[in-house]
Amino acid sequence: MTVKIISRIVKIISLIVFAICFIVKISLIFVEFFSEQNSIVLIISKSSRRAALTIANVP
């Protein structure tokens, strides 16, 4: 009887740990995606700023 209770507790704890790990993994994927998007925006804004400066300096 006690083995079944311990077994259930272990199953419940493992499911909770799995769910937390899954949520963390998904959130890390979103963080990676949005950080890449921000770096692309920064690169585009820097390159467009350089292009605007280059065009402005043309005599």
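Cut-offs used in this document
- Numbers given to residues run from 1 along each chain, matching the order in which its sequence is written.
- Residue-level local features of this predicted model are given only where pLDDT is at least 70; pairs of side-chain atoms are given and counted only at 80 or more, and the full residue set underlies all totals for whole chains, interfaces and linings.
- Heavy atoms throughout the structure, all of them, feed into the side-chain values; hydrogens and water do not.
- In DSSP terms, a helix is any run of H or I states spanning at least four residues, a strand is any run of E spanning at least two, and both are numbered starting from the N terminus.
- Relative accessible area decides the class of each residue, using a 1.4 Å probe on protein chains only: under 20% of the type maximum gives buried, over 50% gives exposed, and in between gives partly exposed.
- For the accessible areas, the method is Shrake-Rupley and the probe is 1.4 Å, while residue cover comes only from the protein chains on display.
- Exposure above 30% relative accessible area and no salt bridge define the residues that can form patches, which grow by joining like charges within 9 Å and nonpolar side chains of Val, Leu, Ile, Met, Phe, Trp and Tyr within 5 Å.
- A pair is scored as a salt bridge if a Lys or Arg side-chain nitrogen falls within 4 Å of a carboxyl oxygen belonging to Asp or Glu.

Caption draft 1: Geometry of the overall build of the chain. A tally of helices and strands in the chain yields 1 helix and 0 strands. Relative to its full complement of 59 residues, the chain shows a buried share of 0%. Surface exposure of the chain reaches about 5,700 Å², of which carbon and sulfur atoms provide 77%.

Caption draft 2: Summary view of a nonpolar patch on the surface. Side chains of Phe18, Phe22, Ile26, Phe30, Phe33 and Phe34 sit close together on the surface and give an oily, nonpolar patch of about 640 Å² of accessible area. Checked against the element boundaries, Phe30 lands in helix H1 (residues 2-57).

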